[in-house]
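Close look at the chain arrangement
Okay, here's what each chain looks like letter by letter:
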Amino acid sequence: MTTEINKVAVIGAGVMGAGIAAHVANAGIPVVLLDIVPEGANDRSVIAKTAVQKMLKTNPAPFMHKKNARLIETGNLEDDLQAVADCDWICEAIIENPKIKRDLYGRLNGVRKPGSVVTSNTSTIPLNVLTEGLGEDFAKDFAITHFFNPPRYMRLLEVVKGEKTRQDAYDALKAFGDVRLGKEVIDCKDTPGFIGNRIGIFWSTVATRSAYDLGLTVEEADSIVGRPTGVPKTGIFGLGDLTGLDLGPHVIASMIDLVPADDPLRDWVDSEHPLTKLIQKLISEGYTGRKGKGGFYRRTKVDGKSVKQAIDLKTGEYRDTIRANLASAKAGKKGLRALVTHEDKGGQYAWTVLSNVLSYSAALVPEIADDVRSVDLAMKTGYAWKWGPFEMIDMLGADWLADKLAEEGRPVPALLETARGKTFYKEEGESLYILGTDGQYQAVEVTEDAWMLADKKRGKEPVKSNKAASLWDVGDGVLCLEFHGMRDALDEDSVAMIKQAAKADKLGFKAVIIGHDGDNFSVGANIGLALFGANAAMWPLIENGIAEGQKAMQELKNSPFPVVAAPAGMALGGGCEVCLHSNAIQAHAETYIGLVEVGVGVIPGWGGCKELTIRNMTNRKRPGGPMPALSNAFQAISTAKVATSAAEAREMLILRDGDGITMNRRRVLPDAKKKALAMVDGYEKPEPIVVNLPGPTAQAAFRMAVEGFVLQGMATPYDAEIAEQVGRVLSGGDTDITEEVTEKKLLELEREGFLKLIRNEKTLMRIEHMLTKGRPLRN
């Protein structure tokens, strides 16, 4: 029996179930969402319907595009159970009660089609308990698929199969989760909490309680169990506020019921501990985190001003936040060992947390997973850690960690003893190896349809390289342009390498892809250099930088071979312009892209205005007349509009017909390479484009619209000055609708507008504010 998943049902329209349904819809798959009939309800399907409507207003958005909501068919379990009859996968996400789940499975068995797969989103109930009494045929079609919240953004999907689960059904689930949903799919053992929550709950419990015991403030704890240990910048207490303080006690209680009697988690859970009492008090008073009145942190009004406060863990009273200033946090920039060996309380805290969490993780393999890489990937994609536990052990040194544990009279896990004199990861030639529980190294398999750039770079030298960018041979005659400057910002070295990429045919290559493994494709041009040049009145240097950037983009666009951009994360300003000048785009679904230059007081100067004008004017679906098309471009640029997904970028015409979207981050570059190779045969560089633009009449219309916003207080007078320059470019300058405007002319207008604004003191204030405060200045 072969299982193909083309339609999905989700049972349970709570936060998790509704989020799963939304993400299935993001993949373009029709989904049925059912829940119970609430007592006394006029609309018997109100729970599922309300869940979808709520998600359309939620931020961050569960839907990659609002239109995806149309793919969700809502209903209730009493009247609409038959709606699952043609579904290939039925995902249950209801209350964590085995009997209620089994009763539901029995009802589903009466209507589901043969070969359909049923899964539970549980991480607390053993699989054999869920299938008890339901027969062998049901057990063959059953597995566990554990998503992390929110399902759109958290990349981890833990999957568990039973002894009787059909392998082809299990493989179909994993493939669907990987390719269609974009998840890092991890095989887990059927153990309490699987991988992510087993380690994550232990970590958060140790980190919060030991902060109290060692006398750290919440700010100090977050400064250590935060970026220095590879944790998101919220830190451990900030994370508690984000996820909800009321969730913690329930999660810990359920885990304590499941873990073995000798599990170290039990040593850290104490209902009488002062921190436990404090958390109970906060919850009872409505301080449940960001969704409530506050949590460990809160915002409150003091003398009419919004002030951030933090709780004093000892007194239970709020006070104004105090910036953490631990020497150990600064020492941590030199590495984890420098952090955990520092003598201050931050160093002691880091050692307490990491020594416990890393030894706990080592002791759980192979109980929870067959290999250490699965554990590391689970923590990185489920809890957003920068490094997994075994990567951190390698950073500290397995021998050093084992010896230090032994010195303190603490048990040394068998796997840690096995790793003495070795590392859990090693690279040899072009291969990556991981240490197995038997002490032998196993090669990590990398397939041609799922790889990261690091897999292609391993054991090789770049074709060309400088401080900001490199060119790599990724096989089959394809060259990859990688940006690796600070924050992936673009500077003169980046521009130089773009020009080299545009000559790839001279280097023996037949196509170019642009992308890398970093979190962001590019946050745009290095505005610090522009500020420096303007403050020093180096106007010729700035003008040359704009001209060279435009030249590089045009060379990229007009190269005699296909160039495919593969953006992921942020592609802003100059990063967006690189994509606009590529011949095609293969974007990660989570691409946040737009021309944001007005936020720092300038206009796009490397061809962004030109390209968005051309795309809107040549759009075959545009309404008649030039103004609706130009208004779309004007609104996008003058408001610094950023698409919050690749789907939204397509609506903005940044992605065009034929451009692709890849759900899984690990597949973006391979898909871009496939697209580039498919374009090679018969490829011809683009013909020069001319457009007919209205000139001053369009600019007058733009000016009137902006003046209206200024009068309403929705824009500042300087916003209007910047918009004036945007409007001048998009209208074609001093032309009229009967004249043809070339790309060269639009680029000239861009340069003129940029150079006029960069000389204005208000623009320099905006740039400086962005560099120092990290947010736009509305002056």
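The model shown is predicted, which means the values in this text are computed figures rather than measured ones.

What counts as what
- Residues numbered from 1 in each chain as written.
- Predicted model: local features only at pLDDT ≥ 70, side-chain atom pairs only at ≥ 80, totals over all residues.
- Heavy atoms only, no water.
- Core = buried A, V, L, I, M, F, W, Y, C linked by side-chain atoms within 4.5 Å.
- Buried < 20%, exposed > 50% of the residue type's maximum accessible area, 1.4 Å probe, protein only.
- Helix = DSSP H or I, 4+ residues; strand = E, 2+ residues; numbered from the N terminus.
- Contact = heavy atoms within 4.5 Å.
- Phe/Tyr/Trp six-rings, centres within 6.5 Å; stacked < 30°, edge-to-face > 60°.
- Lys NZ or Arg CZ within 6 Å of the ring centre and 35° of its normal.
- Pairing = 2+ DSSP bridges.
- Right-handed = clockwise from strand over helix to strand, strands pointing away.

In this structure, Tyr349 and Phe390 are the most contacted members of the largest nonpolar core, which totals 106 residues. It is helix 15 (residues 345–363) that contributes the most residues to this core, nine residues altogether. Every residue in contact with Phe390, bar those within four places of it in the chain, is listed here: Ser361, Ala362, Val365, Val372, Val375, Asp376, Leu415, Phe424 and Tyr425. By size, the runner-up hydrophobic cluster in this structure holds 77 residues, among which are Ile546, Val578, Cys609 and Leu755.

Let us look at the packing of aromatic side chains. The tally for this structure, following the rule as stated, stands at 15 aromatic pairs. When the ring of Phe237 is compared with that of Phe296, the centres are 4.7 Å apart and the planes differ by 75°; the resulting orientation is edge-to-face. Taken as a pair, Phe237 in helix 9 (residues 235–243) and Phe296 in the loop between helix 12 (274–284) and strand 9 (297–302) lie far apart in primary sequence, 59 residues in all. We classify Phe237 as buried; its relative accessible area is 0%. When its relative accessible area of 4% is taken as the criterion, Phe296 is described as buried. Among the aromatic side chains, those forming a connected cluster through ring pairs are Phe148, Trp203, Tyr383 and Trp385. One Lys or Arg, Lys426, reaches over the ring of Tyr433 and ends 5.9 Å from the middle of that ring. Lys456 extends its terminal NZ or CZ atom over the ring of Trp451, reaching a point 4.9 Å from the ring centre.

As a further point, take the pairing of strand 4 (residues 89–92). Residues in a regular strand project their side chains so that they alternate between the two faces of the sheet. Side chains Trp89 and Cys91 project from strand 4 onto one buried face, and the interleaved Ile90 and Glu92 project onto a second face that is buried too. Where strand 1 (residues 8–11) meets strand 4, four bridges bridge the pair, whose relative direction is parallel. Along strand 4, the bridge assignment pairs Ile11 with Glu92. Crossover strand 4 to strand 5 (residues 117–120) through helix 3 (residues 98–109) is right-handed.

Quick look at the environment of Gly485 now. If you trace the backbone, Gly485 turns up in the loop between strand 17 (478–483) and helix 21 (492–501). The buried category is assigned to Gly485, whose relative accessible area is 16%. Look past the residues within four positions of Gly485 in its chain and what remains in contact with it is Lys467 and Ala468.

From the geometry alone we can't say anything about function, so treat these as descriptive.
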